[in-house]
Amino acid sequence: MEIIYEDNHLIAVNKNCREIVQGDKTGDTPLSELLRLYLKEKYAKPGNVFTGVIHRLDRPVTGVVIFAKTSKALRRMNEMFRNGEVKKTYWAIVKNRPAKEEGELIHWLVRNEKQNKSYAYDREKTNSKKAILHYRLIAHSENYNLLEIGLETGRHHQIRSQLAQIGCPIKGDLKYGAERSNPDGGISLHAYSATFIHPVSKEMIEITAQTPDDNLWKALTANIPVSL
């Protein structure tokens, strides 16, 4: 685990594409349990240690994931996420450049539980949920483009399905139309930062996560001013 922030109430990890946030049918040990064991050992705590799951990232996605160390922080952070008070910024590598270098995407997503996939439509459909994101092109190479993305809604596979709908599937995302997989099995979508008012101290907090250690990410982000 790469821990990138910790205080008395919160702890954040830079998740890699092999880690899962919460237990699932694979039976793999989730980050929530790894953190519990880490905190128990680090602080020599007897009995149970609290690690509350505040939000999730899809397994193949990398970047910032925040957990609560207290029930008070979990309750307040959950409320902040529901109210849109946590600003999350994502970076995505796509092969095809969007028609506009900056814009807003509005779609209606229909989730297929059996396929674990969401389909994006330009018009409202039965059982659909409205999805809104903003994007801008922030870097490019000869073959790839780096988009910065902000979400107004938090839908299942929202970024993946919306970008695919405009002909810009994320690199490595076979489920949504990428030509080939990435060597590490992940996709080139990274939760770069999370900004919010701390639920207890009320200070402004910005947590950033270094992009994956590969040559394409390094090349695309080399000239971007970052706060790391």
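Just so you know, these numbers come straight off a predicted model, no measurement behind them.

The rules behind the values
Residues numbered from 1 in each chain as written. Predicted model: local features only at pLDDT ≥ 70, side-chain atom pairs only at ≥ 80, totals over all residues. Heavy atoms only, no water. Patch = residues over 30% accessible without salt bridge, like charges linked within 9 Å, V, L, I, M, F, W, Y side chains within 5 Å. Areas by Shrake-Rupley, 256 points an atom, 1.4 Å probe, with all protein chains shown as cover. Salt bridge = Lys/Arg side-chain N within 4 Å of Asp/Glu carboxyl O. Lys, Arg positive; Asp, Glu negative; His and termini not counted. Charge placed at Lys NZ, Arg CZ, Asp CG, Glu CD. Helix = DSSP H or I, 4+ residues; strand = E, 2+ residues; numbered from the N terminus. Core = buried A, V, L, I, M, F, W, Y, C linked by side-chain atoms within 4.5 Å. Buried < 20%, exposed > 50% of the residue type's maximum accessible area, 1.4 Å probe, protein only. Pairing = 2+ DSSP bridges.

K.L.:
Any details on a positive patch on the surface? Residues and values, ideally.
P.N.:
On the surface, a cluster of positive charge is contributed by K72, R75, R76 and K202. For K202, the position within the fold is in the loop between β10 (189–197) and β11 (204–208).

K.L.:
Let's hear about the nonpolar core: which residues, and what values?
P.N.:
If you look at the biggest cluster of nonpolar residues, it comprises 28 residues, and the most contacted ones within it are F67, I149, I159, L163, I170 and L189. Counting residues per element, the ones that place at least two in this core are β2 (10–15), α1 (31–42), β4 (62–68), β5 (87–94), β8 (129–140), β9 (145–151), α3 (158–165) and β10. L74, M77, A194 and A209 belong to the second-largest nonpolar core, a separate cluster that totals 17 residues.

K.L.:
Tell me what's going on with the pairing of strand β6 (residues 102–112), and back it up with residues and numbers.
P.N.:
Here β6 pairs with β8 via eight bridges, running antiparallel. Residue pairing in the sheet places E102 in a bridge with R136 of β8. Hairpin connection, β6 to strand β7 (residues 117–121): the antiparallel pair is bridged by four residues, and N116 has positive phi, about 50°.

K.L.:
How would you sum up the environment of P46? Please name residues and give values.
P.N.:
Looking at the secondary structure, you find P46 in the loop between α1 and β3 (52–53). Linking P46 and D122, residues 76 residues apart in sequence, is a C-alpha distance of 54 Å.

K.L.:
Requested: an account of the pattern of salt bridges, with residues and values cited.
P.N.:
Evaluation of the coordinates by the stated rule reveals 12 salt bridges. For the salt bridge of K69 with E6, the shortest nitrogen-to-oxygen distance reads 2.8 Å. A residue pair is termed long-range when its members are at least 10 positions apart, and K69 in the loop between β4 and α2 (71–82) and E6 in strand β1 (residues 3–6) qualify at 63 residues. Of the charged contacts, one joins R36 and E33 as a salt bridge, the two residues approaching to 2.8 Å between their closest N and O atoms. Here E33 and R36 lie together in helix α1, a separation of three residues that amounts to about one turn. The exposure class of R36 is partly exposed, given its relative accessible area of 22%. The network of salt bridges with common partners includes E6, K42 and K69.

K.L.:
Please set out the environment of N143 residue by residue, giving values where relevant.
P.N.:
If you trace the backbone, N143 turns up in the loop between β8 and β9. Overall, N143 belongs to the partly exposed group, its relative accessible area being 48%. Spatially, the C-alpha atoms of N143 and N96 are 8.2 Å apart, while their sequence positions differ by 47 residues.

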